[in-house]
Structure formats: C-alpha cells, structure tokens
Amino acid sequence: MNTAVIDPAFWRGRRVMLTGHTGFKGAWLGLLLHRLGAEVLGFSLPPPTTPSLFDLAGVGADLRTVTGDVRDAAALAAAVRDFAPEVLLHMAAQSVVLDSYADPLGTYSTNVMGTANLLEAVRRAGLTRPLALVNVTTDKVYHNQRWLWSYRENEALGGRDPYSNSKACSELVTQSFVASFFPPERRAEHGVAVASARAGNVIGGGDWTPHQLVPAIIAAAQAGQPVALRNPAGVRPWQHVLDCLHGYLGLAERLVREPQQAAGDWNFGPPSDEVVTVAQVAEGVARHWALSPAWTPAPGERPPEEPELRLDCSKAARLLGWRCRLATPQALDWVAQWHLRHQAGEGARQICLDQIDAFLAHLGLEAPR
C-alpha cells in the first residue's frame, strides 16, 4: 500500500535549490532528490567535516554546485536569480549547540542573516514561476518550559543557547518577510509560498559532525570503547534522516499544490511515546558491536542543556499524512548497519542508495530508474 506523502512524478524534472547541501542532511537529500529525478542546484560552503558523506557518496556528481556562503548576499541572490527554482529548501546553518557557545556571533550571522539574505534574494529575483520555500529550522526553536508534554507549532519561540535562539530568530525573520512581502492573500502577485520545518533530532549513517551524539557513539564503538555522555538521561525526539527528509519533501510538494493550506509552521518527529534517552540511543547503536557497557558519564564541567524535549507532530499527521515510518529502534539499527557496512569496505554511495530504496519500499514506492 502506498503510504507516501510524496509523488515521485511530481519531483521528476522539478527545479530544486538546496542551501547547505554539502552537510550530512543535505547530502542525503541530494541523493534522494537525484533518485527521484529532480534537477538540483546546491549552494553551500565546502563540506564541513573530513570525512564527509557528500564526498564519500559522490553527491556532487548528481547536482550542480555553487560554492558560497549564505552570509554573502550578492552570491546567494545571483544563484537564486540564475537558477530560478520551483522549490527551495533552506538548510544552510551553523547547527551545533556546543559550537554556538564558542562562536555565538558566527552562529547568529549564519542562521539569522543567512535566512534574511535568502528571503531578500527571493524577493528581488523577479521569478516568473511560483516558488515553494521551506525554511528548515529545528525542534529547539521553542521556549523550553521544561514540562512533560509536547510542543505544538503555536507554542512560544525562544531558545536559551545561541544555536537554538538564532534558529528562533530565523523563524521570526521568516514570519516578517511573509507578512511584509509574501502575504498569502497576494500570492497571485508574488508567487511565493513559505513554510518552516521544525524537525526533531536527526540520525543516519555517514554523519561525522563534531560534538554530536551518534558520530561520537560510532567512533567509540569502532574503537571498542564506551562513549562518554554529557547528558545520558536527556530525552530527545530521534528520527531517521530519511523520515525527516520525507517530511520536508512532502511539505514542499503540498506548498506547490495547496499553498494556502501548507504555508506556516510544521513539526516533524516521532510520536511522543517513542522518544528515548541519550543513554538508550548509545545502547541501541553499540549493541551492534557487542559493546557493553555502551557508555560512561563524561567527566568535567558540562555546558547547560535542556533535559527534555518532545514534539507534537499531529498537525503533519493529520494534514500531510506524514509520520515516522521507522520506529526509533529500527532507525538505530539502520544507522549501525550503515557504519558496519562502511567499516567492512563497502562504498558510502551504494549503502545510501540501498537504504533510500528500502525506505521508498516502506512507503510503497518504487525508486525511479
């Protein structure tokens, strides 16, 4: 049975622009869009890690790349104007919480002014066809009240650390541009439909981002060591990267087809009763290396982190038909299997394509050939 919120025929030949396509999530999205037959332009700095999934999986061969910084307004404007996308997915960001403490100004300039530059580029591009724009932010945009129930899209924005706060600011910038320049009641004039995607914690194979949980677990497991955890009791809405990207594409597709209904803010994450602790994530991955204990408490002083975060994703379920197709234990298995295959010498590209095809089969879809 087809349970997908995307139609492969919609994406075939569709002009799609990605910012941040050289990052972990962007590389997976580039591969998925290529599999669906889209025509893709990526705008990004070089890959942020060595190794990187973008390089190992040869993502650059599947799309056109413009190397640039979203803080460079002129370069970004030229890319939008020259490519004239039909769908624009804005993922470029400084996305690491710990790095935001070390470089708050760099975090704000990328995450806030980068978003403003992109929206201004769209405003001035003189596009002759409608555009669906999805601003990818984070589940951490909410003002965390440290309560037990889940955050809905109409909760107050906030964020204590510079990363979370800068992403909340990015949402406010987006809301201002929509109200000032892209109001829905005048869409016939400007042709732009805008939505924000707030995703839970994304996991998947091929992530080497520093200071992130799953890359640290994998590195420790491959070395035969327990991972040192800063916050083992922390609760987060973990989801596989392909589930998350399925939500982004489903939202973008709906923005094109039904802009009035799809504009606005959307949560993407697992059901509230499926969220697990940081320690459980470590144990779920490390068991594939027969490692016990899987973790140990990190020594020394730890930066402040929110103890718990849950998302209410009922809006996406009800209005888009989206939900996580991979339960958290299965998502952890897919991550471990990716790295076990890569550790055994298999190519990153083939592993990714195999998992993409398996995921599409979960949705009842057949990958285009």
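Going by the annotation in an unreviewed UniProt entry, the name recorded for the protein chain is NAD(P)-binding domain-containing protein, with Sphaerotilus natans subsp. natans DSM 6575 given as the source organism.

Novice: Explain the overall build of the protein chain here, please?
Specialist: Within the protein chain one finds 15 helices and 13 strands. For 369 residues, the compact-globule estimate of 2.2 N^0.38 gives 21 Å, and the protein chain sits close to it at 19 Å. In terms of its C-alpha atoms, the protein chain occupies a principal-axis envelope of roughly 60 × 45 × 40 Å. For the protein chain, with 369 residues in total, the buried portion stands at 58%. Contacts in the protein chain between residues far apart in sequence, at least 24 positions, make up 82% of those at least 6 positions apart. Only carbon and sulfur atoms are counted for the fraction: they give 52% of the accessible area of the protein chain, which is about 14,900 Å². Here the protein chain carries 33 positive and 36 negative side-chain charges, and the mean point of each set is 3 Å from the other.

Novice: I'm lost on the sheet that holds strand S3 (residues 64–67) in this one. Help?
Specialist: Within a sheet, neighbouring strands are paired by backbone hydrogen bonds and run either parallel or antiparallel to one another. Read from one edge of the open sheet, seven strands run S3-S2-S1-S4-S5-S6-S11, paired in parallel fashion. Two strands bound the open sheet, and with one partner strand each, they are S3 and strand S11 (264–268). When strand polarity is set aside, the average angle formed by the axes of neighbouring strands in this sheet is 20 degrees. Summarising the sheet, strand S2 (residues 39–44) and S3 pair through four bridges and their orientation is parallel. The residue of S3 that forms the bridge with Phe43 is Val66. Packed on one face of the sheet, helix H2 (residues 24–36) meets strand S1 (15–19), S2, strand S4 (87–90) and strand S5 (131–136) and runs near 170 degrees to S1. Its contacts with the sheet place helix H10 (residues 241–257) against S4, S5, strand S6 (192–199) and S11, and it is angled at close to 160 degrees to S6.

Novice: So what exactly am I meant to see when it comes to the pattern of salt bridges here?
Specialist: Pairs may arise between side chains of opposite charge once their charged atoms sit close together. Evaluated as defined, the whole model comprises 21 salt bridges. A salt bridge links Arg152 to Glu155; its shortest N-O distance comes to 3.4 Å. Arg152 sits in the partly exposed class, given a relative accessible area of 42%. For the salt bridge of Asp265 with Arg198, the shortest nitrogen-to-oxygen distance reads 3.3 Å.

Novice: So what exactly am I meant to see when it comes to the packing of aromatic side chains here?
Specialist: Considering all chains together, one arrives at six aromatic pairs under this definition. With 5.5 Å between their ring centres and 20 degrees between their planes, Tyr142 and Tyr151 make a pair best called stacked. Taken individually, Tyr142 and Tyr151 each receive the classification buried, so the pair is uniform in this respect. Above the ring of Phe83, the side-chain terminus of Arg15 is found at 4.2 Å from the ring centroid. Taking the ring centre of Trp266 as reference, the NZ or CZ of Lys315 above it sits at 4.2 Å.

Novice: Explanation requested: unusual backbone geometry in the structure shown.
Specialist: Excluding glycine, a negative phi dihedral is what most residues carry, and trans is how most peptide bonds are arranged. Of the consecutive residues Thr50 and Pro51, the connecting peptide bond is found in the cis state with omega at 5 degrees. For Pro51, the location among the structural elements is in the loop between S2 and helix H3 (53–56). Omega for the peptide link from Ser292 to Pro293 comes to 0 degrees, which places this bond in the cis form. Despite not being glycine, Ala84 shows a phi value in the positive range, around 50 degrees. With respect to the helices, strands and loops of the structure, Ala84 is situated in the loop between helix H4 (73–83) and S4. Backbone geometry places Ala290, a non-glycine residue, at a positive phi of 55 degrees. Mapped onto the secondary structure, Ala290 falls in the loop between helix H12 (278–286) and strand S13 (295–297).

Thresholds, definitions, all that
- Residues numbered from 1 in each chain as written.
- Predicted model: local features only at pLDDT ≥ 70, side-chain atom pairs only at ≥ 80, totals over all residues.
- Heavy atoms only, no water.
- Helix = DSSP H or I, 4+ residues; strand = E, 2+ residues; numbered from the N terminus.
- Rg over C-alpha atoms; globule rule 2.2 N^0.38 Å.
- Buried < 20%, exposed > 50% of the residue type's maximum accessible area, 1.4 Å probe, protein only.
- Contact = heavy atoms within 4.5 Å.
- Areas by Shrake-Rupley, 256 points an atom, 1.4 Å probe, with all protein chains shown as cover.
- Lys, Arg positive; Asp, Glu negative; His and termini not counted.
- Charge placed at Lys NZ, Arg CZ, Asp CG, Glu CD.
- Pairing = 2+ DSSP bridges.
- Axes fitted to C-alpha atoms, helices over the stretch in contact; angles between N-to-C directions.
- Salt bridge = Lys/Arg side-chain N within 4 Å of Asp/Glu carboxyl O.
- Phe/Tyr/Trp six-rings, centres within 6.5 Å; stacked < 30°, edge-to-face > 60°.
- Lys NZ or Arg CZ within 6 Å of the ring centre and 35° of its normal.

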